[in-house]
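Chains, contacts and geometry: an overview
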Amino acid sequence: MGANPKNCSESQLRKVGVEIHCPHTFKLQCVKCGQIWSPNIPSRGSRLHNGYWKCPNGCNG
Ligand SMILES: [Zn+2]
């Protein structure tokens, strides 16, 4: 999978098999295995770390 969404738009995430589980706390959920995780968001700025969208179980990594 060559996709690498730089922003957290829902359509981008869906392409890599991820859905936004909770938009308020920005938790993500893997469509494949149902794993829920919250990516670390820096307190300053809106940059997410590289691979924040990857399932901890490696479904889409
Ligand atoms: Zn998964």
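These remarks concern the structure in this document. Because the structure is a prediction, the values reported are computed rather than measured.

Cut-offs applied
Residues numbered from 1 in each chain as written. Predicted model: local features only at pLDDT ≥ 70, side-chain atom pairs only at ≥ 80, totals over all residues. Heavy atoms only, no water. Helix = DSSP H or I, 4+ residues; strand = E, 2+ residues; numbered from the N terminus. Buried < 20%, exposed > 50% of the residue type's maximum accessible area, 1.4 Å probe, protein only. Areas by Shrake-Rupley, 256 points an atom, 1.4 Å probe, with all protein chains shown as cover. Salt bridge = Lys/Arg side-chain N within 4 Å of Asp/Glu carboxyl O.

Considering the overall build of the protein chain
Broken down by element type, the protein chain carries one helix and three strands. Along the protein chain, helices and strands appear, N-terminal first, in the series α-β-β-β. Looking at the protein chain residue by residue over its 61 residues, the buried ones come to 26%. Within the structure as shown, the protein chain displays about 4300 Å² of accessible surface, and the carbon and sulfur contribution to it stands at 47%.

As for the pattern of salt bridges
A side chain of one charge can pair with a side chain of the opposite charge if their charged atoms are brought near each other. Per the stated rule, a full pass over the model turns up two salt bridges. With a closest N to O distance of 3.3 Å, R14 and E10 form a salt bridge. Placement of the pair is R14 and E10 together in helix α1 (residues 10–15), with a separation of four residues, close to one helical turn. Taking the relative accessible area as the measure of exposure, R14 reaches 47% and is therefore partly exposed. A residue is classified by how much of its surface remains accessible, and E10, at 43% relative accessible area, is partly exposed. Put simply, R14 and E19 hold a salt bridge, and the shortest N to O gap is 4.0 Å. E19 gets classed as partly exposed once you look at its relative accessible area, which sits at 35%. Here the residues in one salt-bridge network are E10, R14 and E19, joined through shared partners.

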